Amino acid sequence: MRRLLLMSPVLSFIIPVYNVEAYLKKCINSILEQSGADCEVILVDDGSTDGSGLICDDFSEKNTNVRVLHQKNSGHSAARNAGLKMAVGEYVSFIDSDDYIGQGCVKEILNWIKTTDADVCFMEGYKLFSDGTTESLGDEIDRSQILGRSQEEVFQHLATRPKYPGSACTKLFRREFLMENDLKFPIDLTHAEDLTLCLNCLLKAERFDALPCPFYYYRQNREGSMTSKISGSSFHGLSKFVSNFADSLTDKQRKPHTKITGYAMAFVAYEYSILLWEYSRLNTAEKNAAKEFLQDYKWVLSYGASKKTKLIQKVVRIVGVDLTAKLLDVYMRNR
């Protein structure tokens with residue numbers, strides 16, 4: 001028997017679904033096992049051709065706080081945007097359907113929502129490997145440097161973190177903040193859509209927070225996942241992020257418009273360093289097209305604020321793009 005929904009949900013989990021029948025139940029149950037009518041789960045079946053759509057319908061039939069939208073395959077971003085239109089919660093969370101959330105974190109989030117008006121909240125995330133071991137994503141965000149701080153202070157802190165915290169899945173977003181600023185996932189990108197949405201959100205947000213609870217578990221190297229493959233397409237998607245923000249955050253002399261955009265350029269520099277590594281994995285034809293871009297935007301490395309990006313800038317200056325890319329590949333294979 002379906003339970004009656006007695007209250008309006010305050011937290012919306014938006015899950016795009018495409019051909020993930022082996023992982024979907026784990027994802028949904030990780031939420032439902034620790035939530036009730038105060039949460040809603042929105043499943044957007046993006047034209048799945050396996051049994052994922054039926055699994056979505058089964059959960060919806062048995063749980064009044066689960067809603068399903070079936071749509072023609074339109075891509076990850078379009079599915080997330082469609083889910084956002086359906087959401088009614090005060091805060092929204094974007095969960096990928098092959099991942100899951102940690103036990104006990106929903107209660108902490110719901111208690112937090114009662115006390116906050118933050119536009120963006122950073123959550124802890126972990127890499128989940130096939131042998132069951134986990135490893136922190138390494139964002140290393142200090143809540144004392146986020147909560148109650150000005151936007152400039154928050155950006156200054158984030159710029160010095162080991163990496164750009166650009167995953168939408170490790171954030172909570174105030175829904176009205178997203179709607180009022182028309183903040184959506186870009187549908188013209190098949191890669192780097194999270195990076196784009198998150199940086200646009202950070203640039204618009206006025207109030208920030210961070211919750212130190214084990215929230216998100218991100219499967220690594222799943223066969224068939226978009227993030228498990230490096231190609232000319234993935235390089236192009238990330239290069240669009242780098243060029244779009246490098247050009248918009250700086251003037252014709254490549255100087256940042258404000259202190260905040262200067263700090264934001266540190267995120268662009270970090271992603272440029274990822275491009276260097278991806279470049280090492282491309283085939284010869286793809287490398288020929290990518291090399292010109294890397295040379296044209298090599299200047300963004302000067303805005304690197306973390307130890308890694310500062311080191312990469314020095315190495316590129318000494319040995320050039322190609323050898324730096326090879327060294328980064330060796331590092332990534334053996335870390």
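Here the structure is shown first, and the text comes after it.
Structure report, in brief. This one's a predicted model, so the numbers in the text were calculated from it and none came from an experiment. (Residues numbered from 1 in each chain as written. Predicted model: local features only at pLDDT ≥ 70, side-chain atom pairs only at ≥ 80, totals over all residues. Heavy atoms only, no water.)

## Points about the layout of surface pockets
To be explicit about the condition: Cavity: a set of points on a 1 Å grid over the protein atoms alone where a 1.4 Å probe fits but cannot get out. Pocket: an open set with protein on both sides within 12 Å along at least five of seven lines, its lining residues, like those of a cavity, having an atom within 4 Å of a point. Grid points are joined across faces, edges and corners, and a volume is the space filled by probe spheres set on the points. Under the DSSP-based scheme used, a helix requires at least four consecutive residues in state H or I and a strand at least two consecutive residues in state E, with every element numbered from the N terminus. Classification convention: Asp, Glu, Lys, Arg as charged; Ala, Val, Leu, Ile, Met, Phe, Trp, Tyr, Cys, Pro as nonpolar; all other residues, Gly among them, as polar.
Of the voids in this model, the second largest pocket is the one considered here, and its volume is about 240 Å³. Within the residue set of the lining of the second largest pocket, elements represented by two or more residues are β6 (120–128) and β9 (208–219). When its residues are assigned to classes, the lining of the second largest pocket shows eight nonpolar, three polar and four charged.

## A look at the nonpolar core
Cut-off, in case you're wondering: By nonpolar core we mean a set of buried residues, namely Ala, Val, Leu, Ile, Met, Phe, Trp, Tyr and Cys, connected to one another through side-chain atoms within 4.5 Å. The buried label goes to any residue with under 20% of its type's maximum accessible area, the exposed label to any with over 50%, and the partly exposed label to all in between, with areas taken from a 1.4 Å probe on protein chains only. Should any heavy atoms of two residues lie within 4.5 Å, those residues are considered in contact.
In this structure, Tyr164, Phe173, Leu178, Leu202, Phe241 and Leu294 are the most contacted members of the largest nonpolar core, which totals 65 residues. A total of 11 residues in this core trace back to one element, the largest contributor, which is helix α9 (residues 259–281). When near neighbours in sequence (up to four residues on either side) are disregarded, phenylalanine 241 contacts Tyr164, Ala192, Leu195, Thr196, Leu199, Phe267, Val268 and Glu271. Grouped together as the second largest cluster of nonpolar side chains are 35 residues, Val41, Tyr91, Val106 and Tyr216 included.

## Concerning unusual backbone geometry
Not every positive phi belongs to a glycine, and asparagine 19 is a case in point at roughly 50 degrees. Taking relative accessible area as the criterion, asparagine 19 reaches 25% and is therefore assigned partly exposed. Not every positive phi belongs to a glycine, and arginine 254 is a case in point at roughly 65 degrees. Note that arginine 254 resides in the loop between α8 (232–249) and α9.

## Concerning the packing of α8 against α9
Applicable threshold: All axes here are fitted lines through C-alpha atoms, helices being fitted over the stretch that makes contact, and every angle between N-to-C directions spans 0 to 180 degrees. Roughly parallel refers to an angle under 35 degrees, roughly antiparallel to one over 145, roughly perpendicular to one between 65 and 115, and oblique to any angle outside these ranges. Each crossing gets its handedness from the near helix: less than a right angle anticlockwise from the far helix is left-handed, clockwise is right-handed.
With their axes 9 Å apart at the nearest point, α8 and α9 run at an angle of 155 degrees to one another. With respect to α9, the axis of α8 lies roughly antiparallel. Note on packing geometry: the crossing formed by α8 with α9 is left-handed. Mapping the contact onto sequence places Ser234, Phe235, Leu238, Ser239, Phe241, Val242, Phe245, Ala246 and Leu249 in α8 and Thr261, Ala264, Met265, Phe267, Val268, Glu271, Tyr272, Ile274, Leu275, Glu278 and Tyr279 in α9. Residue composition of the contact of α8 with α9, by class: 15 nonpolar, three polar and two charged.

## Observations concerning α9
In an α-helix, one turn spans 3.6 residues; hence positions three or four apart end up facing the same way. Operational definition: Multiplying 1.5 Å by the helix residue count minus one yields the expected span of that helix. Here a polar contact is taken to be a pair of N or O atoms separated by no more than 3.5 Å, where protein atoms must pair a possible hydrogen donor with a possible acceptor and residues adjacent in sequence count only if both atoms sit in side chains.
A rise of 1.5 Å per residue sets the reference length of α9, with its 23 residues, at 33 Å; its end C-alpha atoms lie 35 Å apart and thus fit the reference within 8%. The buried count for α9 comes to 19 of 23 residues, which makes it a mostly enclosed element. Of the residues that open α9, the one with a side-chain oxygen 3.3 Å from the backbone nitrogen of isoleucine 260 is threonine 258.

Purely spatial values, then, with no claim about function.
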